[in-house]
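Here are the chains, one letter per residue:
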Amino acid sequence: MDRADAQAQKMKNPEEPDFFQKYNLDPQAVYTGVIFGLITLALIFVFTRKRSRGSTLLICGPCESGKTCLFGQLLHKKQLETYTSAKENKGHLSVPGRAPLPVVDVPGHERLRVKYLEEYKNQVKAIIYVVDSSTLQKQLRDTAEYLFNIITNPIIYTKRPKIMVVCNKQDLSLAKGQNVIQKELEKEMELLRGTHSRTLQETNDQNVERVEIGQDGEEFQFRHLPMKVEFCELSAQSSETMDSLRKWAYGLA
Amino acid sequence: MLDFFSVFSRGGILLWCFKGAEDIFASDWAQFRPAVNAFIKTVLLQEMASKNCTYESGSLALKYKLDNEFDLVFIAGYQKMLPLYYLDKLLDEIQLRFRDKYLNVLKESNFFHSFDFSAEFQRTLKLVENDAKHSENRRKTEMRTFEDSSKSKKSIASMIEKKDGPGRGSHKRGEDQEATANGLNSSSVDDNKNELDEETRMANLSALQKKLVKKGNKAKSPKADKKGKTKTTWDPFMFGGKGATGEEARNLERGPKEGAHGGINDDHQMAQFVPDSSVIGASATIQQIEEDSSDDDEELLSRKANDTQSGGLWSSLSSLVGSKSLTEKDIEPVIVKMQDHLISKNVASDVAVKLCESVANNLEGKVLGTFSTIHRTVKESLNGSLMKLLTPKRRIDIIRDVMEAKANKRPYVMAFCGVNGVGKSTNLAKICFWLIENKCRVLIAACDTFRAGAVEQLRTHTRRLNNLHPASENGGVPLVELYEKGYGKDAAGIALEAINYARNNRIDVVLVDTAGRMQDNEPLMRALAKLIAVNAPDLVLFVGKLVVSVMLDEARRHGQD
């Protein structure tokens, strides 16, 4: 028995380290390979997590509200003359003492905004929503609906970006103040909250979840939202009024 | 004159602009911004870019050029009344110079650099303007030479086609050569004349003869200029073929040898019956013909070379960058394929052609990525364009609109139109159900006064819908009502009455059902147009079948009316 055992041991022993020999592998190479694999996996994990958290500041708002102008002021303290954007503008806001913050100016034209919002929604960290204070009355519905769509976008909603509503064009005589604008927007959003919950389901993708915002039985207010919504007044024509917004943006980085 | 020139990025940032009309009409300047905005919205965002690259708004006209490599737009504005012919050239020149000057800045797409291009622009503008003037002055002569060269080629070609063509031609050329060598201009003139005569004879039509001669005359005159031949001796020859003998004699005197050989009458006969007589020095002359023609070609080529020199510079620059920018030639086959594909997928051909044109315009000059093929790039671009086009310009939130209309104390009007049998009435009933679920009062206007049973069908729908939400639930008021006036009446009138009825009875929504009609039935379409013009519905729903091409055509035609 002992003999047989010993023999069995002998038979086994030379075979045990044979895992590497059998496949003609160098154990060192295998270990280094495994380690490298783990490192890359870790890197990918970190990278995607960073992505998913989002790092970009988006500048949104309806057409001709002054987004590109604001973009120029914010990034380069330079006053730009601008036309309707047919493409997004990208840049980096250099924050003193921190890494620069990527900024994207999303075109406000109806045909483009959806596309670019879809493109950048995964990277969103904060949103500057630009409102034309002087023509708010005329554009209220579009302005409110766009903001509503941004907020209720399922992906953006889960990311809870900080939102700064910029009441632009304060230099014009008919410009409304931020309180008025906030109230008007809240009123309109309340309506939209009602109508959107009643819209028909789309036929193509039935799994789209609807985001319900606000609190039941109460008028909609921005403070009901899970994300922080602030308002500020400024005019992108003059760089002096930009300070509060700039401070806010620095706080993001 | 040029009123306005600006360079801006597709992102809408103005890089540099020139305001020409500033001092004259200060107010004019204010027109340009909205004009450019309108241009961007229609041309760039709706893929309406056409090949001639112009856009008109009001009294202004804009000419543009897209630089797809750096996403720039060059745009020149002028009064529509005063078209500028050198604009194309100016745009090209400015584009090249601007790119040259700011290549590094543009590569980083740093649009916040301060672009001071004015001096350069003024210089270029002057250059191009002068060039335009010059070319205008030169135009006549240049045009002639060009025409002439082609025509002379033709005549040579016709000669070559004949059996003895080459020999004959070579002979003539040879004589030309000899003549020039000997400094005997007159003889060469003779030869030319011979050639002409030969042509006419070959035509064998006396009536045509004169015409041909005239043509030939026109054609030849520049050549004569080139070689320093005297025109005066030449012209009368052509017009009065017979009377030229006297002069000819003189010519003969001047150049005895050649003249003796090429005496007019002899030559005519020779040309007619013995074309072989021109075998003299055949081989040498053949070479000379080639030389001659190549001379012409060289001129053209040199012109081309001048044109392409800048292009060459470009290609070298872009080769430095390391990737290749697309040219029209690269794109064309792929675009054609795409176009065919679209058409085969039932997209109306007009639409496909327009779309592809616009896509090609957007792609020209774009730099290919390292790993992308032309095909994929084109496909992606087309995809993007289609996405852009098919994104609706306004979101339709009917309930919100109904509330708005309610606040304004007027009914919200929806009209349904479409081809027969696509389900207008059925969809109307479905939408009606959704509306009453949302607590709106609905009036259905039976404006299909043509098809048998249309009104009865709607009545049935109404009854069913009212059964779902009985009137007793809503204080005795039925949620759905039908407004009908029987058959054979004017649909527009019925719709108008229905809307008034709805206003008086505080009904929220009016659904107008129209008779089905084919989009190419002119009188019926006009009736629909009238209905829509009279009642101005808030929403016109086009009910269509899901066959893209047919629908596009239908929708377009319906849209037109």
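Before any of the text, the structure's been laid out above.
Residues numbered from 1 in each chain as written. Chains lettered and ligands numbered in written order. Predicted model: local features only at pLDDT ≥ 70, side-chain atom pairs only at ≥ 80, totals over all residues. Heavy atoms only, no water.

Novice: If you had to explain the nonpolar core to someone new, which residues and values would you point to?
Specialist: Counting 59 residues, the largest nonpolar core has Ile 151 and Phe 222 of chain A together with Phe 39 of chain B as the members making the most contacts within it. With near-sequence residues (within four places) excluded, Phe 39 of chain B lies in contact with Phe 8, Leu 44, Tyr 55, Leu 62, Tyr 64, Val 73 and Ile 75 of chain B. Counting 57 residues, the second largest nonpolar core, distinct from the first, contains Leu 75 and Leu 234 of chain A together with Leu 103 and Val 105 of chain B. (Core = buried A, V, L, I, M, F, W, Y, C linked by side-chain atoms within 4.5 Å. Buried < 20%, exposed > 50% of the residue type's maximum accessible area, 1.4 Å probe, protein only. Contact = heavy atoms within 4.5 Å.)

Novice: Describe the pairing of strand E2 (residues 14–19) of chain B, naming the residues involved and giving the relevant values.
Specialist: Along any regular strand the residues' side chains alternate between the sheet's two faces. All names here are of chain B. Among the six residues in E2, five count as buried, and that is most of the element. In this sheet, E2 lies alongside strand E1 (residues 4–9) in antiparallel orientation, the contact comprising five bridges. Counterpart to Ser 6 in the pairing with E2 is Cys 17. (Helix = DSSP H or I, 4+ residues; strand = E, 2+ residues; numbered from the N terminus. Pairing = 2+ DSSP bridges.)

Novice: A description of the sheet that holds strand E3 (residues 54–57) of chain B should follow, citing residues and the corresponding values.
Specialist: Residues and elements named next belong to chain B. On the basis of which strands lie adjacent, the open sheet formed by five strands has the order E2-E1-E5-E4-E3 and antiparallel pairing. If you trace the sheet from one side to the other, it starts and ends with E2 and E3, each paired once. For this sheet, the mean angle separating the axes of adjacent strands, direction not counted, is 20°. (Axes fitted to C-alpha atoms, helices over the stretch in contact; angles between N-to-C directions.)

Novice: How would you summarise the interface of chain B and chain A if you had to cite specific residues and measurements?
Specialist: Residue-level contacts link 36 residues of chain B with 31 residues of chain A. Carbon and sulfur atoms supply 57% of the area buried between chain B and chain A, which totals about 3400 Å² over both sides. Notably, a salt bridge pairs Asp 71 of chain B with Lys 87 of chain A, separated by 2.7 Å at the nearest N-O pair. Listed by contribution, the elements that provide at least two residues to the side of chain B that touches chain A are E1, helix H1 (26–44), helix H15 (374–390) and helix H16 (398–407) of chain B. In terms of residue count, the dominant contributor to the side of chain B that touches chain A is H1 of chain B (seven residues). (Buried area = accessible area lost by both parts, 1.4 Å probe. Salt bridge = Lys/Arg side-chain N within 4 Å of Asp/Glu carboxyl O.)

Novice: Tell me what's going on with the packing of helix H17 (residues 424–437) of chain B against helix H18 (residues 454–468) of chain B, and back it up with residues and numbers.
Specialist: All names here are of chain B. At their nearest, the axes of H17 and H18 sit 11 Å apart, and the two run at 25° to each other. Put simply, H17 runs roughly parallel to H18. Regarding H17 and H18, the two cross each other, and that crossing is right-handed. On H18, the residues that touch Ser 425, Leu 428, Ala 429, Cys 432, Phe 433 and Ile 436 of H17 are Gln 457, Leu 458, His 461, Leu 465 and Leu 468. (Parallel < 35°, antiparallel > 145°, perpendicular 65-115°, else oblique. Left-handed = near helix turned anticlockwise from the far one by under 90°.)

Novice: Let's hear about the packing of aromatic side chains: which residues, and what values?
Specialist: Counting across every chain of the model gives 15 aromatic pairs over all chains. A ring pair is formed by Tyr 102 of chain B and Phe 117 of chain B, whose centres lie 6.2 Å apart and whose planes are at 50°; its orientation type is tilted. Of this pair, Tyr 102 of chain B sits in the loop between helix H2 (87–101) and helix H3 (103–107) while Phe 117 of chain B is found in the loop between H3 and helix H4 (118–161), placing the two residues 15 residues apart along the sequence. Three or more aromatic residues link up through ring pairs in this structure, and these residues are Phe 5, Trp 16, Phe 74, Phe 98, Tyr 102, Phe 117 and Phe 121 of chain B. Looking at Arg 113 of chain A, its charged tip hangs above the ring of Tyr 146 of chain A, at a distance of 4.1 Å from the centre. (Phe/Tyr/Trp six-rings, centres within 6.5 Å; stacked < 30°, edge-to-face > 60°. Lys NZ or Arg CZ within 6 Å of the ring centre and 35° of its normal.)

Novice: Can you lay out the sheet that holds strand E5 (residues 162–168) of chain A for me, pointing to particular residues and giving the numbers?
Specialist: Residues and elements named next belong to chain A. Ordered in space as E2-E3-E1-E4-E5-E6, the six strands form an open sheet in which the pairing is mixed. On the outer flanks of this sheet lie strand E2 (89–93) and strand E6 (229–233), each paired with one strand and no other. The average angle at which neighbouring strand axes cross in this sheet is 20°, direction not considered. As defined by bridge partners, E5 adjoins E6 across five bridges and the pair is classed as parallel. Within the sheet, the bridge partner assigned to Val 165 lies in E6 and is Phe 231. Contacts between helix H5 (residues 110–120) and the sheet are confined to strand E1 (56–60), E2, strand E3 (101–105) and strand E4 (124–132), with E1 contributing the most and set at about 170° to the helix. The sheet strands contacting helix H8 (residues 178–196) are E4, E5 and E6, and the helix crosses E6 at an angle near 140°.

Note that every value here comes from positions in space, so none of it alone points to a role or purpose.
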